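For reference, the chains in residue letters:
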Amino acid sequence: MNLPNLSLADFLPLLPAIIMVVGASILLLSEVFLSTTASRAYQAVLTVVTAVAAGAMALTTMFEPPQEVMLGFGVMDPFSSFLTFVVCVGLGLATLSSVSFLRKRGAERGEFYALMLFASAGMSLLAMSNELITLFVNIEVLSLSTYALTSYLRRGTRPSEAGFKYFILGAFSSAVLLYGAALLYGATGTTHLTAMAGPLSTAMSSQPGLVYAGIILVITGFAFKVAAVPFHMWTPDVYEGAPTPVTALMSVGVKAAAFAAMVRVFFMVGKGVDPQMLLGLFSVLAFLTMVAGNLLAIPQRNVKRMLAYSSIAHAGYLLVGVAALFVTGPGEQFRLLGASALTGGTPLGLARAEALRGILYYLLAYTFSAVGAFAIVSVLERREDEEKGTAWDLERFSGLAQRKPGWAFAMAAFMLSLGGIPPTIGFMSKLLIFQAAVDAGLIGLTIVGVLSSAVGIYYYLRVVVYMFMRPVPEGAQALEKSWSTELALVLSTAAVVILGIIPGPIMGWLEQASSIFGQ
Amino acid sequence: MTPTPLTPYLPLAVVLLLAGGMAMLIPQITTRLGPRRPSAIKATSFEAGSESSGPARQRFAVKFYVVALLFIVFDVEAVFLYPWAVNFQALGWFGYVEMLVFAVTLVVGLIYIWKKGALDWES
């Protein structure tokens, strides 16, 4: 019998995920054995410590050369390490902002944090997956945890509705993705992404229909997960109904992991099929997502819903970066301004590395801005108004600058960052992604992107106007103090502003992470 | 007849055809040939000889689902344990450690549901 020859070293790349799963198990056991303890603050502390440990582990592997994990079912490279880091950042900040949120609702439980950790472990493994079945299993690990988290506050009607919608549509999209994966396997005879390119190009000439159907179904499945138009319908309801810290984790973690898997799958698939086709598909998705996301966000007076639509719009900008990965060759229009900062490789490889760098930086930028914005939403909302849906109305932001200047400043920073205004991290990330698109010759898509993000500034700045230029409403209740949320706000505001001015420290990692697909 | 890739499946098609035909034919024969003498007692639903106590569409306690779910989890665990037990010698320490990780993960879950009271039927 041929036994797999695994040593302890093969498990090292999985350490971030292992740390998170062990942390989650400890939390589950602590919940049943220490449930008499009055304060459950230790659970949040344990979760944050786990997130920091996993994120630090991911950073230590940042500069190691790519290596196969678990017999090629996964691959650990700077790309996956960086995304694991992003997921851990999102997890840590979302956990910090969930402490007072849960305490106000009397819902502090170890299960909440355990599910957050299980979901994050799935995200981290998804970024590593290099084989279609592994990829599917990890998508399910993260999805099942987030379905449960969505209806965590199960007594309300909105959480139940959100959880049910998310579950039905999520299960459906997983099935579509699996169907596409099965067709790709049928066409190529392998589920390993690295071995797929060769058989794919053979299958393209003998059974093109099979390959096309497989690719389109897999794209559809991913488009559901990242909430790209026209597969975005579930997003506003689910994001609104879910507990706000969970919405934060969903909008950053699930998105980052799904984009990672999408990039990995289609980069390999793109080697076997005509990249022009993928370029076309992703351009259409990006166009629809940017335009529809931004236009639908305009009429929203409900800030949580507005942030949901804004998350759709941001998926659109990211899709521009994905489309730029499939440029066919360096032509006259490739000026490679941004890519000149990157080293080595062919001009085509540089253009792709530039696009990848844009995507990764964008994911990090969106993590800080969105988790921060959702943290502010979670401290302002009141449980009594949730069923009526007024808990997140713009009115609640009126006069925040007089009541809590610090929070108002932080929220303004997040809004400007989401809108892409300097000197914030959001501006830098948009700059990188559109620069990559221009260098790839996607001029039209870039124009649409810039115009639609100009539309976005309207609804982001409206929140700022309410905070700074409206009076405090009559009978406004005192806002509670929460150390953990303030810590999350300070950290994300600092990141949004500092990395917007000095992106240097991250750029080194990014150069490393984006070089892997460069050749 | 020239053999095609599907030729080996021909017996399977015959079996399917026969099975489907029988399934359609036999109910037809019994309804056409059998005598019908309906009476009130025959029209009531049959319930293992005892008198029926009402419609079957009732609300079930959620614990039934929990137990069914837990049953499946440990059932699947057993499914994985059998092949490992059969190949225990060949898999050696590697297989042992792998199975230990798998079993310990499930034991953590078992401890959790036990302490959580999911196995208490009465409360």
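All values reported here derive from a predicted model rather than from experimental measurement.

Asker: Please give an account of the interface of chain B and chain A that cites residues and values.
Answerer: Contact with chain B, which involves 10 residues of that partner, is made by 12 residues of chain A. Roughly 1,000 Å² is buried in total at the junction of chain B and chain A, and carbon and sulfur atoms are behind 79% of that figure. Our enumeration of links across chain B and chain A arrives at two salt bridges. Among the ionic pairs, E31(A) bridges to K116(B), the shortest N-O distance being 4.0 Å. Linking chain B with chain A are two residue pairs in polar contact (both at pLDDT 80 or more), by the criterion used here.

Asker: Provide a residue-level description of the pattern of salt bridges, including the pertinent values.
Answerer: All names here are of chain A. Following the criterion strictly, the structure yields 13 salt bridges over all chains and no others. Where R105 meets E381, a salt bridge forms, and the shortest distance between an N and an O atom there is 3.1 Å. Here E381 lies in the loop between α13 (347-380) and α14 (400-403) and R105 lies in the loop between α3 (78-104) and α4 (110-128), a separation of 276 residues in the sequence. Here R105 and E381 have matching classes, each one buried. The salt bridge involving D237 is made with K165; its shortest N-O contact spans 2.7 Å. With a gap of 72 residues between them, D237 in helix α9 (residues 234-241) and K165 in helix α6 (residues 157-188) connect regions that are remote in the sequence. In this structure K165 comes out as partly exposed when scored by relative accessible area, which is 28%. Residues joined by salt bridges that share partners form a network here, namely R158, E161, K165, D237, E240 and R305.

Asker: Break down helix α4 (residues 88-116) of chain B for me, citing the residues and quoting the values.
Answerer: Here α4(B) spans only 34 Å end to end across 29 residues, well under the 42 Å set by a 1.5 Å rise per residue. The set of residues buried in α4(B) consists of L91(B), G95(B), M99(B), L106(B), V108(B), Y112(B) and I113(B).

Asker: Explain the confidence of the model for chain A to me, and be specific about the residues and the numbers.
Answerer: In this model, chain A carries a mean pLDDT of 88, and residues with pLDDT of at least 70 account for 93%. Note on residues 331-341 of chain A: pLDDT is under 50 here. Beyond four places in sequence and across chains, it has 25 contacts.

Asker: Hey, could you go over unusual backbone geometry for me, with residue numbers and the actual values?
Answerer: Residue V229(A) is joined to P230(A) through a cis peptide bond whose omega torsion reads 5°. If you trace the backbone, P230(A) turns up in the loop between α8 (208-226) and α9.

Asker: Now, about the nonpolar core: what can you tell me, with residues and values included?
Answerer: Of all hydrophobic cores here, the largest spans 182 residues; its most connected members are I215(A), F222(A), F266(A), F282(A), F397(A) and M415(A). If near-sequence neighbours (up to four positions away) are discounted, M415(A) is found in contact with M306(A), L307(A), A373(A), Y460(A), V463(A) and V464(A).

Asker: Tell me about the UniProt feature "transmembrane region" in chain B, and please be specific about residues and values.
Answerer: Residue and element names in this part refer to chain B. The UniProt feature table records "transmembrane region" at residues 6-26, 66-86 and 93-113. Secondary structure across residues 6-26 divides into 81% helix and 0% strand, with the first and last C-alpha atoms of the span separated by 30 Å. In the segment residues 93-113, helix accounts for 100% and strand for 0%; the C-alpha atoms at its two ends are 30 Å apart.

Asker: Account for the packing of aromatic side chains, with residues named and values stated.
Answerer: Residues and elements named next belong to chain A. Counted according to the given criterion, the structure contains 19 aromatic pairs over all chains. On the numbers, 6.4 Å between centres and 70° between planes, the contact of F222 with F266 is edge-to-face. Taken together, the positions of F222 in helix α8 and F266 in helix α10 (residues 244-272) put the pair 44 residues apart, joining distant regions of the chain. Of the two residues, F222 and F266, both sit in the buried class. On the basis of an interplanar angle of 40° and a centroid distance of 5.3 Å, the ring pair of F224 and F231 is categorised as tilted. When its relative accessible area of 12% is taken as the criterion, F224 is described as buried. Note on F231: relative accessible area 22%, which makes it partly exposed. Through successive ring pairs, a cluster of aromatic residues spans Y147, Y166, F167, W234 and Y239.

Asker: Explain the environment of L29(A) to me, using residue names and the numbers behind them.
Answerer: Within the element layout of this structure, L29(A) appears in helix α1 (residues 15-33). Note on L29(A): relative accessible area 23%, which makes it partly exposed. For the pair L29(A) and L169(A), spaced 140 residues apart in the sequence, the C-alpha separation amounts to 32 Å. In this view, L29(A) contacts V108(B) and I111(B); residues no more than four positions away in its chain are not counted.

The rules behind the values
- Residue numbers run consecutively from 1 along every chain, following the written order of its sequence.
- For this description, chains carry letters from A and ligands carry numbers from 1, given in the order in which they are written.
- It should be noted that, the model being predicted, local features are given only for residues of pLDDT at least 70 and side-chain atom pairs only at 80 or more, the latter also being counted only at that level, while totals for whole chains, interfaces and linings use all residues.
- Side-chain calculation: all heavy atoms of the structure are included, whereas hydrogens and water are not.
- Contact between two residues is taken to exist if any of their heavy atoms lie within 4.5 Å; hydrogens are not considered.
- By convention, the term buried area covers the 1.4 Å-probe accessible surface removed from two parts as they join, with the contributions of both added.
- The working definition used for a salt bridge is a side-chain nitrogen of Lys or Arg within 4 Å of a carboxyl oxygen of Asp or Glu.
- Any N or O atom pair separated by 3.5 Å or less is treated as a polar contact, with the protein-specific requirement of one donor-capable and one acceptor-capable atom, and with residues adjacent in sequence counted only for side-chain atom pairs.
- By definition, any uninterrupted DSSP run of H or I lasting at least four residues is a helix, any uninterrupted run of E lasting at least two residues is a strand, and each is numbered from the N terminus.
- Exposure classes here rest on a 1.4 Å probe applied to the protein chains alone. A residue is buried below 20% of its type maximum, exposed above 50%, and partly exposed in between.
- By definition here, a helix of n residues has an expected span of 1.5 Å times n minus one.
- Per-residue confidence from the predictor is reported as pLDDT, a score between 0 and 100.
- Side-chain atoms within 4.5 Å are what join buried Ala, Val, Leu, Ile, Met, Phe, Trp, Tyr and Cys residues into a set we call a nonpolar core.
- UniProt positions are given in the numbering used here, feature names are shortened, and annotations may be inferred rather than shown by experiment.
- Each Phe, Tyr or Trp ring, with Trp reduced to its six-membered ring, pairs with another whose centre is within 6.5 Å; inter-plane angles below 30 degrees give stacked pairs, above 60 give edge-to-face pairs, and intermediate values give tilted ones.

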